Every structure is written in C-alpha cells, then in structure tokens.
Amino acid sequence: MKKDKIIYWTTTTLIFLFEGVMPALYSQSEESKEGIRHLGYPDYFGMMLTVFKVVGALVLILPMVPKRFKEWAYVGFGIDFICASVSYWAVDGFSGFVIFPLVVLAVLAVSYIYFHKLNDNKNN
C-alpha cells in the first residue's frame, strides 16, 4: 500500500508540475505563444488551454476533489497529450516533440492506474 501511494503521488505531482505549474508560469512567454502559432492555432487557444491545464492539474492534486471530477481531468489530459502529438506530427513530421507528450501520457496512465488501486482498496 505504501509503494502504491508513493507511485501515485510521484506521478500525479509530475503531471501537476508539467501541466499546472509550468503553463501557469510560462504560457504568456513569447516562446510559448510562438509555439502555439507554429502549430496553426490562434493566440486565444493557448490561453484557453492554459486555464484548462491549471484547473485540471488542481483537480488531480487536491485530495478533497470528488473522484468523478478527477476522472474527467484524466480524460482531458489524455486527449490533450494525444492531440499535442498529432499536432506536432502533422506540422513538423516525426520528432522528439511527437514523443514527449506520449511519455507524459504514460506518466498520466500510471497515475490513473494507481489512483484506482488506492481508491478501490478503500472501498473493500
């Protein structure tokens, strides 16, 4: 059980840092804005995506948030990571930018699996 908690909190914290803290701090940088433009998205899309990422990251990291909201946050991040990979591949071809969101998706999947392991244990 302790190992499960460590894995869950480590992976969830990584998602929180990558998808909540970093976008909140750097989304308005010129480099971030140019990255959104490069992929063909309008400027407002970056701000909207940042808001959703920060809210989703808070939903995942805060223990008092109901499970159903956490499920939706996991789904939203999964869609985000898959779409990021597809966007990079469509614009730039296959590169490290295509792989990185899939690596983060794998971290998210581990967090999700251990979220259920911990919560299914509570119900038994």
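In the block above lies the structure referred to throughout.
Residues numbered from 1 in each chain as written. Predicted model: local features only at pLDDT ≥ 70, side-chain atom pairs only at ≥ 80, totals over all residues. Heavy atoms only, no water.

What follows concerns the packing of helix α1 (residues 2–26) against helix α4 (residues 67–92). Running from N to C, α1 and α4 cross one another at 60°; their axes reach a closest spacing of 13 Å. Taken together, α1 and α4 sit at an angle that is classed as oblique. The interaxial crossing formed by α1 with α4 has left-handed handedness. Residues Tyr 8, Thr 12, Ile 15 and Glu 19 of α1 pack against Tyr 74, Phe 77, Asp 80 and Phe 81 of α4. Residues that form the contact of α1 with α4 fall into these classes: five nonpolar, one polar and two charged. (Axes fitted to C-alpha atoms, helices over the stretch in contact; angles between N-to-C directions. Helix = DSSP H or I, 4+ residues; strand = E, 2+ residues; numbered from the N terminus. Parallel < 35°, antiparallel > 145°, perpendicular 65-115°, else oblique. Left-handed = near helix turned anticlockwise from the far one by under 90°. Contact = heavy atoms within 4.5 Å. Nonpolar A, V, L, I, M, F, W, Y, C, P; charged D, E, K, R; others polar.)

Under the definition given, this model contains five salt bridges. Of the charged contacts, one joins Lys 53 and Glu 19 as a salt bridge, the two residues approaching to 3.0 Å between their closest N and O atoms. Of this pair, Lys 53 sits in helix α3 (residues 43–61) while Glu 19 sits in helix α1, placing them 34 residues apart in sequence. By relative accessible area, Glu 19 is classed as buried at 7%. Between Glu 30 and Arg 37 there is a salt bridge, with the nearest N and O atoms lying 3.3 Å from each other. Owing to a relative accessible area of 32%, Arg 37 belongs among the partly exposed residues under this scheme. Among the charged side chains, a salt-bridge network with shared partners connects Glu 30, Glu 34, Arg 37 and Asp 43. (Salt bridge = Lys/Arg side-chain N within 4 Å of Asp/Glu carboxyl O. Buried < 20%, exposed > 50% of the residue type's maximum accessible area, 1.4 Å probe, protein only.)

Turning next to α3. Taking 1.5 Å per residue, 19 residues should reach 27 Å; α3 reaches 28 Å between its end C-alpha atoms and fits that length. Where α3 is concerned, the buried positions are Gly 46, Thr 50, Lys 53, Gly 56, Ala 57, Val 59, Leu 60 and Ile 61. (Expected span 1.5 Å × (residues − 1).)

As a further point, take the packing of aromatic side chains. A full pass over the atoms with the stated rule returns nine aromatic pairs. Between Phe 77 and Phe 81, the ring centres sit 6.0 Å apart and the planes meet at 15°, which makes this aromatic pair stacked. Of this pair, Phe 77 and Phe 81 both sit in helix α4, separated by four residues, roughly a single helical turn. Joined through ring pairs, the aromatic side chains of Tyr 8, Trp 9, Tyr 74, Tyr 112 and Phe 115 make up one cluster. (Phe/Tyr/Trp six-rings, centres within 6.5 Å; stacked < 30°, edge-to-face > 60°.)

On to the nonpolar core. Counting 15 residues, the largest nonpolar core has Tyr 8, Ile 15, Leu 60, Tyr 74, Phe 77, Phe 81 and Leu 108 as its most contacted members. Those elements that place two or more of their residues in this core are α1, α3, α4 and α5 (96–123). Per element, the largest residue contribution to this core is five residues, and it comes from α5. Not counting residues up to four positions away in its chain, the partners in contact with Ile 15 are Gly 20, Leu 60, Phe 77, Phe 81, Val 104, Val 107 and Leu 108. (Core = buried A, V, L, I, M, F, W, Y, C linked by side-chain atoms within 4.5 Å.)

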